[in-house]
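Single-letter residue listing:
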Amino acid sequence: QVQLVESGGGLVQAGGSLRLSCAASGGTFSNYAMGWFRQAPGKEREFVAWINWSGGTTYYADSVKGRFTISRDNAKNTVYLQMSSLKPEDTADYYCAVPSARRAFKVADTQYDYWGQGTQVTVSS
């Protein structure tokens, strides 16, 4: 059983930066890929970024490419999402998750089976 706890959300002005963290426990963190998703009020949850088990391969949604960076520290069992040049449309609850196929690249939230509780990000204009 994997437990995930996100932190680092908050209120930031447009153009600002935030770094989200997701601490994992209860599993072998270095054995699996990780994804970040977000859900804005009244909208469906959407894929943001993915990183492979070693941190050597990443993938981003077009909406965040060039502004967000996903990384991981396997020694700390933690995955990060560095968010820069934030826009009001980035306002959402952000979630980290583990894919059901532990090392697979997946963008559909239905293909992830462990989720954190989320951390709220609000970007003011």
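On a predicted model such as this, the values are computed, not experimentally measured, just so you know.

**Focus on the side chain of R67**
Here's step 1: Along the chain, the position of R67 falls in the loop between strand 6 (58–60) and strand 7 (68–73).
Here's step 2: Residue R67 is classed as buried on the basis of its relative accessible area, which comes to 12%.
Here's step 3: Among the polar contacts listed, one links the side chain of R67 to the side chain of D90, at a separation of 2.7 Å.
Here's step 4: When sequence neighbours within four positions are dropped, the list of residues in contact with R67 reads Q82, M83, S84, S85, L86, K87 and D90.

**Describing unusual backbone geometry**
Here's step 1: Residue N77 is not a glycine yet carries a positive backbone phi of 55°.
Here's step 2: Following the sequence through the fold, N77 ends up in the loop between strand 7 and strand 8 (78–83).
Here's step 3: Given a relative accessible area of 27%, N77 falls into the partly exposed group.
Here's step 4: The phi dihedral of S85 is positive, around 50°, even though this residue is not glycine.
Here's step 5: Here S85 lies in the loop between strand 8 and strand 9 (92–99).
Here's step 6: When its relative accessible area of 42% is taken as the criterion, S85 is described as partly exposed.

**Observations concerning the environment of Q3**
Here's step 1: Along the chain, the position of Q3 falls in strand 1 (residues 3–7).
Here's step 2: For Q3, a relative accessible area of 38% corresponds to the partly exposed category.
Here's step 3: C-alpha of Q3 to C-alpha of A23: the two residues are 20 residues apart in sequence and 8.1 Å apart in space.
Here's step 4: Residues within four places of Q3 in sequence aside, it is in contact with A23, A24, S25 and G26.
Here's step 5: Reaching out from Q3, the side chain makes a polar contact with the backbone oxygen of Q1 at a distance of 3.4 Å.

**Concerning the packing of aromatic side chains**
The geometry of an aromatic ring pair is captured by two quantities: the separation of the ring centres and the angle between the planes.
Here's step 1: Per the stated rule, a full pass over the model turns up nine aromatic pairs.
Here's step 2: Measuring from ring centre to ring centre gives 4.6 Å for Y59 and F105, while their planes differ by 65°; the resulting arrangement is edge-to-face. On the criterion of sequence distance, the pair formed by Y59 in strand 6 and F105 in the loop between strand 9 and strand 10 (112–115) is long-range, its members being 46 residues apart.
Here's step 3: Accessibility expressed as a relative area gives 39% for Y59, which makes it partly exposed.
Here's step 4: Judged by centre distance (6.1 Å) and plane angle (55°), the ring pair of Y112 and W115 falls under tilted.
Here's step 5: The partly exposed category is assigned to W115, whose relative accessible area is 24%.

Thresholds, definitions, all that
Residues numbered from 1 in each chain as written. Predicted model: local features only at pLDDT ≥ 70, side-chain atom pairs only at ≥ 80, totals over all residues. Heavy atoms only, no water. Helix = DSSP H or I, 4+ residues; strand = E, 2+ residues; numbered from the N terminus. Buried < 20%, exposed > 50% of the residue type's maximum accessible area, 1.4 Å probe, protein only. Polar contact = N/O pair within 3.5 Å; in protein donor to acceptor, adjacent residues only side chain to side chain. Contact = heavy atoms within 4.5 Å. Phe/Tyr/Trp six-rings, centres within 6.5 Å; stacked < 30°, edge-to-face > 60°.

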